[in-house]
Amino acid sequence: IMESIRYAKRIQKTILPDKAAMDEVFDDYFVLFKPKDIVSGDFYWFNKTINKAFLAVVDCTGHGVPGAFMSLIWYNLLNQIVNQMGITEPGKILSELHNQVRQTLKQDSLDSKSRDGMDICLCVFDRYGEEVQFAGAFRPLLWYRSNLNVLEEIKGDKFSIG
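Model, not experiment: these values are computed from the prediction. (Residues numbered from 1 in each chain as written. Predicted model: local features only at pLDDT ≥ 70, side-chain atom pairs only at ≥ 80, totals over all residues. Heavy atoms only, no water.)

Trainee: Can you tell me about the packing of helix H3 (residues 64–84) against helix H4 (residues 90–104), naming the residues and giving the values?
Mentor: Look at H3 against H4: their axes get within 10 Å of each other, and the N-to-C directions meet at 130 degrees. By the angle between their directions, the pair H3 and H4 is classed as oblique. Handedness of the crossing formed by H3 with H4: right-handed. Here Ile-73, Trp-74, Leu-77, Leu-78, Ile-81 and Val-82 of H3 lie close against H4, whose contacting residues are Ile-93, Glu-96, Leu-97, Gln-100, Val-101 and Thr-104. A class-by-class count of the residues in the contact of H3 with H4 yields nine nonpolar, two polar and one charged. (Axes fitted to C-alpha atoms, helices over the stretch in contact; angles between N-to-C directions. Helix = DSSP H or I, 4+ residues; strand = E, 2+ residues; numbered from the N terminus. Parallel < 35°, antiparallel > 145°, perpendicular 65-115°, else oblique. Left-handed = near helix turned anticlockwise from the far one by under 90°. Contact = heavy atoms within 4.5 Å. Nonpolar A, V, L, I, M, F, W, Y, C, P; charged D, E, K, R; others polar.)

In structure tokens:
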């Protein structure tokens, strides 16, 4: 069992953003990712188009193996929403993600017992300007204003995805 879980960790690591891709967009950044278990329900997601870059921090329901299953599903849904559906506004991305999660887990059926989903902080960066858009589902954005030496919290909505 442990060998399978360690192998699953290698698979799960493939969904984490590539440093080289993030280096193309961000000059000064760091990533702190410390999963609680060998595999994790938490992950961060990065994607980019010609004009925009997308960065999300995601906390899936469940940890360990169940959370890792969820992280793979949600990662693929985020990519599908941005890359195939062409949705690029953070609030609309989260709305579509909510609908897709409910559909994927059949949460609208009368006999559904699934309450799985995620909390997420999503930022969309204009790659050629200075605009950042944010949407959060039960997760805030912490924004450091270096010119004022102030750390601000911008609250997300008080509901989770799914």
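Continuing now.
Trainee: An account of the layout of surface pockets is requested, with residue identities and associated values reported.
Mentor: Roughly 1500 Å³ of internal volume is contained in the largest pocket. Taken together, 38 residues make up the lining of the largest pocket; nearest its centre are Phe-30, Leu-55, Phe-125, Leu-141 and Leu-142. Counting residues per element, the ones that place at least two in the lining of the largest pocket are strand E1 (42–48), strand E2 (52–60), strand E3 (118–126) and strand E5 (141–145). Residue classes in the lining of the largest pocket are distributed as 25 nonpolar, one polar and 12 charged. (1 Å grid on protein atoms, 1.4 Å probe; cavity = no way out; pocket = protein on both sides within 12 Å on 5 of 7 lines; lining within 4 Å. Points joined across faces, edges and corners; volume = space filled by probe spheres on them.)

Trainee: Give me the lowdown on the pairing of E5, citing residues and values where you can.
Mentor: Alignment of E5 against strand E6 (residues 150–154), held across five bridges, turns out to be antiparallel. From the neighbouring strand, Leu-141 faces E6, where its bridge partner is Ile-154. Once E5 ends, the chain turns through four residues before running back antiparallel as E6, passing Asn-149 with a positive phi of about 55 degrees. (Pairing = 2+ DSSP bridges.)

Trainee: Give me the lowdown on H4, citing residues and values where you can.
Mentor: Between its first and last C-alpha atoms H4 spans 20 Å; for 15 residues at 1.5 Å apiece the expected length is 21 Å, and the two agree. For H4, the set of buried residues is Pro-90, Ile-93, Leu-94, Glu-96, Leu-97, Gln-100 and Val-101. Take H4 and look down its axis: the buried residues cluster within an arc of 165 degrees, on one side only. Turning to H4, the residues buried within the fold contact E2, H3, E3 and strand E4 (132–137). At the exit of H4 stands Lys-106, carrying a positive phi of roughly 55 degrees. (Expected span 1.5 Å × (residues − 1). Buried < 20%, exposed > 50% of the residue type's maximum accessible area, 1.4 Å probe, protein only. Arc of directions from axis to C-beta.)

Trainee: Any chance you could break down the packing of aromatic side chains for me, citing the residues and the numbers?
Mentor: Following the criterion strictly, the structure yields five aromatic pairs and no others. Between Phe-26 and Phe-125, the ring centres sit 5.0 Å apart and the planes meet at 80 degrees, which makes this aromatic pair edge-to-face. Here Phe-26, found in the loop between helix H2 (19–23) and E1, pairs with Phe-125, found in strand E3; they are 99 residues apart in sequence, far enough to count as distant. When sorted by exposure, Phe-26 lands in the same class as Phe-125, which is buried. The structure contains a cluster of three or more aromatic residues connected by ring pairs, namely Phe-26, Tyr-29, Phe-46 and Phe-125. (Phe/Tyr/Trp six-rings, centres within 6.5 Å; stacked < 30°, edge-to-face > 60°.)

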